[in-house]
Amino acid sequence: MTSKKAAVVLWCFTDGKKGHEKQTLGLIQGLKVHSTIELDTHMLHTNSTLQEQCQLPSPDLIVGAGHATHLQILRSRLIFGGRSIVLMKPTFPATMFDLALVPQHDTCASYGNVCFTEGVLSPSIDKAPDPSIGAILLGGNSRHFIWKTEEIIGVVEEIVEQNPKKLWTICDSRRTPPSLMQQLPTDYNVVPKPWQETSPEFLTELIASSSATWVTGDSVSMLYEALAAQAPVGVIELPLKSSSRGSFKLARGIEKLALKQRVQLSSNGLVLEANQVVPIGDSELRRCAQIIVNRLLLK
């Protein structure tokens, strides 16, 4: 390892989508806590102009998540130099980037520059969970999974009944059938929160406070955000809608998490024990930061 040196200039391209932005912020978080580097970070929208970019210090690293960022990453590397990092299976051949950090549920040909990550990167939440708080995060109609509202409500009722000492906040999403929230249990320990009444900040705070978080299997981004907190996570399983490659890919990712004891499947019980399910926390962010330092900054 080397001693601290001049700040590493980091350009981060964003397409404005919250999920993609969180992936980038997660990586920044991992790099910031690395002991050998200091960061000079610049956030750039994909529609930023060449003139705007010329006003910035030349990048050492150029990062982006989301297909709309890929062309900008490649163009900026060509014009300004630096090393390119993409946080997903790229639109273009992966060999065009210096490093591709690809979620393990994706398939991506590698010639030494692809590293598979334990799911989608997300900022870790360093907050002790409250034993009296639980969260249930519901997705909805999906091209990959079969959604049956009555069955989902049945699982939610069982979670609430088997964990009576927790106050359960239940959040739906834009994809959730509108009638679902009206059919939720009315127990004393249930607080419904329709998506229209929430914000990304509310959900982040809820997940950070929750000592047990359940997520339906179709909500991949919410699942990995929950895994970045300090509490155990459960997956409410949904049957696959089709035999498509995408459906199997998502199901395979959840199975891998279960095998590593990162999540508990609803078929294995509806009480989450902290000593049985180990969230990812910031371990994956630190690992990815170390990969970047070793491969792109120490050479």
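A.B. asks: Is there a simple way to think about the overall build of the protein chain in this case?
C.D. replies: A count of helical and extended segments in the protein chain gives eight helices and twelve strands. In terms of overall dimensions, the protein chain has C-alpha extents of about 60 × 40 × 35 Å along its principal axes. Sequence separation of 24 or more characterises 65% of the internal contacts of the protein chain that already satisfy a separation of 6 or more. When the accessible surface of the protein chain is split by element, carbon and sulfur atoms take 53% of a total near 14,000 Å². Seen as two clouds, the 29 positive and the 28 negative side-chain charges of the protein chain have centres 9 Å apart.

A.B. asks: Got a minute to help me understand the sheet that holds strand E1 (residues 8-14) in this structure?
C.D. replies: Sheets are built from strands that pair by backbone hydrogen bonding, the pairs being arranged parallel or antiparallel. Spatially, six strands are ordered E2-E1-E3-E4-E5-E6 in an open sheet, and the strand pairing comes out parallel. Each end of this open sheet is capped by a strand with a single partner; those strands are strand E2 (39-45) and strand E6 (114-117). Taking each pair of neighbouring strands and ignoring which way they run, the sheet shows an average axis angle of 20°. Taken together, the four bridges between strand E5 (residues 99-103) and E6 define a ladder with parallel strand orientation.

A.B. asks: Explanation requested: the layout of surface pockets in the structure shown.
C.D. replies: The method is simple in principle: a probe with the dimensions of a water molecule rolls over the atoms, and the space it marks as empty is what remains. The calculated volume of the largest pocket comes to roughly 1,500 Å³. Every residue lining the largest pocket is counted, 42 residues in all, and those nearest its centre are Gly 19, Ser 219, Val 220, Ser 221 and Met 222. Counting residues per element, the ones that place at least two in the lining of the largest pocket are helix H1 (18-32), helix H5 (200-209), helix H6 (220-227) and helix H7 (245-259). Residue composition of the lining of the largest pocket, by class: 16 nonpolar, 14 polar and twelve charged. Approximately 190 Å³ is the volume found for the second largest pocket. Tallied by class, the residues present in the lining of the second largest pocket amount to four nonpolar, two polar and five charged.

A.B. asks: Is there a simple way to think about the sheet that holds strand E7 (residues 133-137) in this case?
C.D. replies: With parallel pairing, six strands are arranged side by side in an open sheet as E9-E8-E7-E10-E11-E12. On the outer flanks of this sheet lie strand E9 (190-193) and strand E12 (263-265), each paired with one strand and no other. Going from strand to strand, the sheet's axes swing by 20° on average, the running direction of each strand aside. Sheet analysis places E7 next to strand E8 (residues 167-171), joined by five bridges and oriented parallel. Looking at E8, one finds that Leu 137 is bridged to Cys 171.

A.B. asks: Any chance you could explain a nonpolar patch on the surface here in plain terms?
C.D. replies: On the surface, a cluster of nonpolar side chains totalling about 310 Å² of accessible area is made up of Leu 50, Leu 78 and Ile 79. Take Leu 50: it is sitting in helix H2 (residues 50-54).

A.B. asks: Honestly, the packing of H5 against H6 in this entry has me stumped. Any pointers?
C.D. replies: Any two packed helices are characterised by how steeply their axes cross, that is the angle between the axes, and by the distance between the axes. At a closest axis distance of 9 Å, the pairing of H5 and H6 adopts a crossing angle of 45°. Looking at the two axes, H5 sits oblique to H6. As for how H5 packs across H6, the hand of that crossing is right-handed. Of the residues in H6, those touching H5 at Leu 203, Thr 204 and Ile 207 are Met 222, Glu 225 and Ala 226.

A.B. asks: What is the right way to look at H5 in this model?
C.D. replies: Count 3.6 residues to each turn of an α-helix, and residues three or four apart come out pointing the same way. Along H5, the positions that sit buried rather than exposed are Leu 203, Leu 206, Ile 207, Ala 208 and Ser 209. Taken together, the buried residues of H5 touch E7, E8 and H6.

A.B. asks: Can you walk me through the side chain of Asn 163 in this structure?
C.D. replies: One can find Asn 163 in the loop between helix H4 (149-162) and E8. The exposure class assigned to Asn 163 is buried, which follows from its relative accessible area of 9%. When neighbours within four sequence positions are excluded, Asn 163 is seen to be in contact with Trp 168, Asn 189, Leu 270 and Val 271.

A.B. asks: What am I meant to see in the pattern of salt bridges here?
C.D. replies: Side chains that differ in sign of charge can pair as their charged atoms come close. Summed over the entire model, instances satisfying the criterion amount to eight salt bridges. Of the charged contacts, one joins Asp 98 and Arg 83 as a salt bridge, the two residues approaching to 3.4 Å between their closest N and O atoms. Here the residue Asp 98 occupies a position in the loop between strand E4 (83-86) and E5, and Arg 83 occupies one in strand E4, the gap between them amounting to 15 residues. For Arg 83, a relative accessible area of 24% corresponds to the partly exposed category. Linked by salt bridges that have partners in common, Arg 77, Arg 83 and Asp 98 make up one network.

A.B. asks: What's the story with the packing of aromatic side chains in this structure? I'm lost.
C.D. replies: Taken as a whole and judged by the stated rule, the model has one aromatic pair. One residue, Lys 193, lies across the ring of Phe 202, its end atom 5.1 Å from the ring centre.

A.B. asks: Help me understand the nonpolar core, please; the structure alone is not making it clear to me.
C.D. replies: Proteins that are soluble and globular tend to have nonpolar side chains buried together. Counting residues in hydrophobic clusters, the biggest one holds 24 residues, and the most contacted among them are Leu 27, Leu 61, Ile 85, Leu 87, Leu 99, Leu 101 and Ile 292. At the level of elements, E1, H1, strand E3 (61-64), E5 and helix H8 (283-297) are the ones that each hand at least two residues to this core. Setting aside chain neighbours within four positions, we find Leu 87 in contact with Gln 23, Thr 24, Leu 27, Val 63, Gly 64, Ala 65, Leu 101 and Leu 121. Residues Trp 147, Trp 168, Ile 170 and Ala 212 belong to the second largest nonpolar core, which totals 23 residues.

The rules behind the values
- Residues numbered from 1 in each chain as written.
- Predicted model: local features only at pLDDT ≥ 70, side-chain atom pairs only at ≥ 80, totals over all residues.
- Heavy atoms only, no water.
- Helix = DSSP H or I, 4+ residues; strand = E, 2+ residues; numbered from the N terminus.
- Contact = heavy atoms within 4.5 Å.
- Areas by Shrake-Rupley, 256 points an atom, 1.4 Å probe, with all protein chains shown as cover.
- Lys, Arg positive; Asp, Glu negative; His and termini not counted.
- Charge placed at Lys NZ, Arg CZ, Asp CG, Glu CD.
- Pairing = 2+ DSSP bridges.
- Axes fitted to C-alpha atoms, helices over the stretch in contact; angles between N-to-C directions.
- 1 Å grid on protein atoms, 1.4 Å probe; cavity = no way out; pocket = protein on both sides within 12 Å on 5 of 7 lines; lining within 4 Å.
- Points joined across faces, edges and corners; volume = space filled by probe spheres on them.
- Nonpolar A, V, L, I, M, F, W, Y, C, P; charged D, E, K, R; others polar.
- Patch = residues over 30% accessible without salt bridge, like charges linked within 9 Å, V, L, I, M, F, W, Y side chains within 5 Å.
- Salt bridge = Lys/Arg side-chain N within 4 Å of Asp/Glu carboxyl O.
- Parallel < 35°, antiparallel > 145°, perpendicular 65-115°, else oblique.
- Left-handed = near helix turned anticlockwise from the far one by under 90°.
- Buried < 20%, exposed > 50% of the residue type's maximum accessible area, 1.4 Å probe, protein only.
- Phe/Tyr/Trp six-rings, centres within 6.5 Å; stacked < 30°, edge-to-face > 60°.
- Lys NZ or Arg CZ within 6 Å of the ring centre and 35° of its normal.
- Core = buried A, V, L, I, M, F, W, Y, C linked by side-chain atoms within 4.5 Å.

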